[in-house]
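Structural overview
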Amino acid sequence: MSRRVSTALLAFTAVLALAGCGWFDFEEREAWRGQAEAQCLRERRVEPSAYMSLRPAINGPGICGMDHPLQVTALSGGAVSLRQDAVLNCPTVAATQDWLDAVVQPAAMLHLGARVTEIHSGSYACRTRNSQRGARKSEHAFGNAVDVMSFTLEDGRTITVARGWRGAPQERDFLREAFVGACGIFTTVLGPGSDAFHHDHFHLDLARHDARGERRVCRPQIDFRSRLDEIPVAQTPAARTPSPLPDAPRAGTLPTDPLRRALGIIGLY
């Protein structure tokens, strides 16, 4: 009898150990993620090109991955190269292109007098939020987020978020235009001052913070008035019309409702 009990205990312990190692991971990726990818491709918001190619589905480990990953070497028809290849889902590629075309390029011309030709960014990574043990999965784990560390201009200058956020006035204004403009396109935008994890980059993602995907998080709240509406249409770069999400704030503005501000979550991704 004693031997049987010991054997049963050993077997039970082994099962617990395997579960702890992730062998029994029954969590499923949310259905809306695959649906958003399929809709984006169906609407042809992103077109395969010399700079962008569909790759086989990424499934795991665990719930990480995406149904239709895109490997990207450049955006905006090749006008903006990536310092390192990115793996992203279709909605994030489309949103990033909208942001570059409608916000970043006009802001660069207005405040810096030159176009952006390269960005240093981060993409897919199967990890938790801020790589913290026990935290929920990051949107990066689904190719649903992009981090932007710096912008390189056609004249060779590089504007980094780490130095430029509190740098020369022109750099500060450019980065703030890029930041507040992103808040009208992405559902999560985090930058310097939001928490200790985002002091040197912008985190941009399309997470769903509520069932309908309408709630937004944009941190930190900054006092800045966009000047992009001062640019004559004829002087703005050719761009696709952005496809903002429901109830998106206009670029250059931030939600002022105290409840919405209070719902902003520090240290999201």
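Residues numbered from 1 in each chain as written. Predicted model: local features only at pLDDT ≥ 70, side-chain atom pairs only at ≥ 80, totals over all residues. Heavy atoms only, no water.

Our next topic: the overall build of the protein chain. Secondary structure summary: the protein chain contains six helices and 11 strands in total. For the protein chain, with 269 residues in total, the buried portion stands at 45%. Counted over contacts in the protein chain with a minimum sequence separation of 6, partners at least 24 positions apart contribute 68%. A total of about 13700 Å² of accessible surface is found on the protein chain, and carbon and sulfur atoms cover 54% of it. (Helix = DSSP H or I, 4+ residues; strand = E, 2+ residues; numbered from the N terminus. Buried < 20%, exposed > 50% of the residue type's maximum accessible area, 1.4 Å probe, protein only. Contact = heavy atoms within 4.5 Å. Areas by Shrake-Rupley, 256 points an atom, 1.4 Å probe, with all protein chains shown as cover.)

The next thing to look at is the state of the cysteines. Under the definition given, this model contains three disulfides. Each sulfur of the disulfide joining C64 and C126 lies 1.9 Å from the other. Its S-S torsion of about 75° marks the bond between C64 and C126 as right-handed, since a negative value means left-handed. With C64 in the loop between strand 2 (58-59) and strand 3 (65-66) and C126 in the loop between strand 6 (116-122) and strand 7 (145-153), this residue pair connects regions lying 62 residues apart in the sequence. Classification of C64 by relative accessible area gives buried; the value is 0%. Look at C126 and you get partly exposed, because its relative accessible area is 33%. In the protein chain, numbering the disulfide-bonded cysteines from first to last in sequence yields the connectivity 1-3, 2-4, 5-6. (Disulfide = S-S within 2.5 Å.)

As a further point, take empty space enclosed by the protein. Leftover empty space is mapped by rolling, across the atoms, a probe with the size of a water molecule. The full count for this structure, using the stated rule, is two cavities of 30 Å³ or more. Estimates place the volume of the second largest cavity at around 50 Å³. For the second largest cavity, the full set of lining residues is W32, R33, A36, E37, N89, P91, F142 and N144. By residue number, the principal contributor to the lining of the second largest cavity is helix 2 (residues 31-42), which donates four residues. In terms of residue class, the lining of the second largest cavity is made up of four nonpolar, two polar and two charged. (1 Å grid on protein atoms, 1.4 Å probe; cavity = no way out; pocket = protein on both sides within 12 Å on 5 of 7 lines; lining within 4 Å. Points joined across faces, edges and corners; volume = space filled by probe spheres on them. Nonpolar A, V, L, I, M, F, W, Y, C, P; charged D, E, K, R; others polar.)

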